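Close look at the chain arrangement
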Amino acid sequence: MEHKQTFELADIVSERLIALIIDSVIVGVVGNIFGIGGGAGFLGGGLLSFIIGAAYQWYFLTQQNGQTPGKMIMNIRVIKTDGTKISDADAILRFIGYYIDTAFIALGWFWAFIDSENQGWHDKIAKTYVVKVDKAAEKLKNG
């Protein structure tokens, strides 16, 4: 008999939005350290900002079990819709989806509020869910 694991979706406002704000502050601070907060133009600031954001999302989502620091604080994580970990390509595609979300008057972000699975367009594009971390399962898995 095969056991299928179920996941509880993260709440949009009380978990996901707060995690996004935390991560945005961290990425903003890193960007300012590299001097890209002062409107240096696309090649000077925009491209570097994109690279920092993409690297941040890639590293934490693929190397830290689907959790950025904001998601760690909020006890949520990103997984594929089939319950598996996301790949390198998924992490980058999901990050590019952030720009698509924003490009259409932020409609892609707000989509998560009306979607039955709490998915923004970036989640739909990368086939991901943001779920609550099951602390009991984590404790069992980690010994």
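As the structure is a computational prediction, the values presented were derived from the model and not from experiment.

Looking now at the pattern of salt bridges. For the structure on display, the rule yields six salt bridges. Among the ionic pairs, Asp90 bridges to Lys80, the shortest N-O distance being 3.2 Å. Residue Asp90 is located in helix H4 (residues 88-103), and its partner Lys80 is located in strand E1 (residues 76-80); the two are separated by 10 residues in the primary sequence. This pair shows no difference in class: Asp90 is buried, exactly as Lys80 is.

Moving on: helix H1 (residues 12-33). For H1, built from 22 residues, the straight-helix expectation of 32 Å at 1.5 Å per residue is met to within 8% by its first-to-last C-alpha distance of 30 Å. Among the residues of H1, the N-terminal cap falls to Asp11, whose side-chain oxygen and the backbone nitrogen of Val13 are separated by 3.1 Å.

A separate point is the packing of aromatic side chains. With the rule as written, the count across this model stands at 11 aromatic pairs. Taken together, a centroid distance of 6.3 Å and an interplanar angle of 50° make the contact between Trp111 and Trp121 tilted. Of this pair, Trp111 sits in helix H5 (residues 107-114) while Trp121 sits in helix H6 (residues 121-126); the two residues are 10 residues apart in sequence, bridging distant segments of the chain. Trp111 gets classed as partly exposed once you look at its relative accessible area, which sits at 32%. Within the aromatic cluster, the residues linked to one another by ring pairs are Phe50, Phe95, Tyr98, Tyr99 and Trp109.

Rules used in this analysis
- Residues numbered from 1 in each chain as written.
- Predicted model: local features only at pLDDT ≥ 70, side-chain atom pairs only at ≥ 80, totals over all residues.
- Heavy atoms only, no water.
- Salt bridge = Lys/Arg side-chain N within 4 Å of Asp/Glu carboxyl O.
- Helix = DSSP H or I, 4+ residues; strand = E, 2+ residues; numbered from the N terminus.
- Buried < 20%, exposed > 50% of the residue type's maximum accessible area, 1.4 Å probe, protein only.
- Expected span 1.5 Å × (residues − 1).
- Polar contact = N/O pair within 3.5 Å; in protein donor to acceptor, adjacent residues only side chain to side chain.
- Phe/Tyr/Trp six-rings, centres within 6.5 Å; stacked < 30°, edge-to-face > 60°.

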